[in-house]
Amino acid sequence: MPPAKTYADSRTPPGTADPLTGPDDWGPATTPAGPFRLVPVQAERDLPLLGRWMNDPAVAAYWELAGPLSRTSRHLRRQQADGGHSRPFLGVLAGRPMSYWEVYRADLDPLARHYPARPHDTGIHLLIGGETDRGRGLGSRLLTAVTDLVLDRRPFCTRVVAEPDLRNIPSVASFLSAGFRFFAEVDLPTKRAALMIRDRVPHDPS
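Residues numbered from 1 in each chain as written. Predicted model: local features only at pLDDT ≥ 70, side-chain atom pairs only at ≥ 80, totals over all residues. Heavy atoms only, no water.

A short note on the nonpolar core
So, point 1. Counting 25 residues, the largest nonpolar core has Phe36 and Trp101 as its most contacted members.
So, point 2. Only β2 (34-40), β3 (86-93), β4 (96-105), β5 (122-128), α4 (138-153), β6 (159-162), α5 (169-177) and β8 (191-199) provide two or more residues apiece to this core.
So, point 3. When residues of this core are assigned to their parent elements, the largest contribution, six residues, is made by α4.
So, point 4. Those residues in contact with Phe36 that sit more than four places away from it in its chain are Gly27, Pro28, Ala29, Thr31, Gly91, Val92, Leu93, Met98, Ser99, Trp101, Leu142 and Val146.
So, point 5. Grouped together as the second largest cluster of nonpolar side chains are 15 residues, Val39, Trp53, Met54 and Leu127 included. (Core = buried A, V, L, I, M, F, W, Y, C linked by side-chain atoms within 4.5 Å. Buried < 20%, exposed > 50% of the residue type's maximum accessible area, 1.4 Å probe, protein only. Helix = DSSP H or I, 4+ residues; strand = E, 2+ residues; numbered from the N terminus. Contact = heavy atoms within 4.5 Å.)

Some details on the packing of aromatic side chains
So, point 1. Within the structure shown, the criterion is met by three aromatic pairs.
So, point 2. Between the aromatic rings of Trp63 and Tyr100, the centroid separation amounts to 5.6 Å while the plane-to-plane angle is 65 degrees, which identifies the pairing as edge-to-face. Taken together, the positions of Trp63 in helix α2 (residues 57-63) and Tyr100 in strand β4 put the pair 37 residues apart, joining distant regions of the chain. Of the two residues, Trp63 and Tyr100, both sit in the buried class. (Phe/Tyr/Trp six-rings, centres within 6.5 Å; stacked < 30°, edge-to-face > 60°.)

Notes on the pairing of β6
So, point 1. Covered by surrounding structure in β6 are Arg159 and Val161 together with Val160 and Ala162, the residues of both alternating faces.
So, point 2. One ladder, built from two bridges, connects β5 with β6; its direction is parallel. Bridged to Thr122 within β6 is Val160.
So, point 3. Across four bridges, β6 lies against β8 in antiparallel orientation. Residue pairing in the sheet places Val160 in a bridge with Arg198 of β8. (Pairing = 2+ DSSP bridges.)

Points about the sheet that holds β5
So, point 1. Spatially, β1-β2-β3-β4-β5-β6-β8-β7 is the arrangement adopted by the eight strands of the open sheet, whose pairing is mixed. Single-partner strands in this sheet number two, and they are β1 (29-31) and β7 (181-188). The mean inter-strand angle of the sheet, taken between neighbouring strand axes irrespective of direction, is 30 degrees.
So, point 2. Pairing of β3 with β4, which is carried by eight bridges, proceeds in the antiparallel orientation. In the sheet register, Ser86 faces β4, and the bridge partner there is Tyr104.
So, point 3. Running over the sheet, α5 touches β5, β6, β7 and β8 and is turned about 10 degrees from β8. (Axes fitted to C-alpha atoms, helices over the stretch in contact; angles between N-to-C directions.)

Rendered as structure tokens:
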């Protein structure tokens with residue numbers, strides 16, 4: 001019987017087609033809070049943890065996935081079965097899973113109907129799982145690290161986008177602190193969002 005995979009040794013099988021160029025193989029990022037890695041979600045391993053996070057009222061207010069594990073499981077299956085346009089990850093900081101991420105091709109997503117998308121635009125969704133990890137500036141530090149990885153490893157991507165709920169002031173502030181700029185307010189099916197963009201080349205507002 002093969003040994004169970006850990007958070008440190010998850011990999012995409014060689015030769016797997018991946019429009020996101022294998023984020024799980026990008027390696028760890030160095031952050032002020034310690035080494036950070038995106039690890040592909042494995043439902044059989046991670047569903048209980050993700051279900052607990054989704055039922056935290058602070059998370060449920062914006063992700064709307066509170067309830068039985070089957071609800072979170074359906075969400076993960078959709079993420080993992082859309083042709084590789086969106087991929088779910090655990091954010092592991094210093095060996096400890098503490099956040100959930102979705103990295104997606106924004107130009108292939110319904111979001112592209114709401115702004116002038118460019119080829120290879122890459123989007124990010126993020127939630128910080130534990131209450132003790134919130135309000136410490138971790139969000140902006142990790143967003144900076146992940147966005148740097150996206151732009152470093154995806155040479156055809158010229159910008160990273162995000163669409164946090166306008167009501168989620170701490171999230172919007174984290175994106176701004178991570179070098180994103182506010183682009184527009186957009187009405188999405190489930191929320192009114194702040195469309196945020198971080199350019200590969202710093203944007204000149206003049």
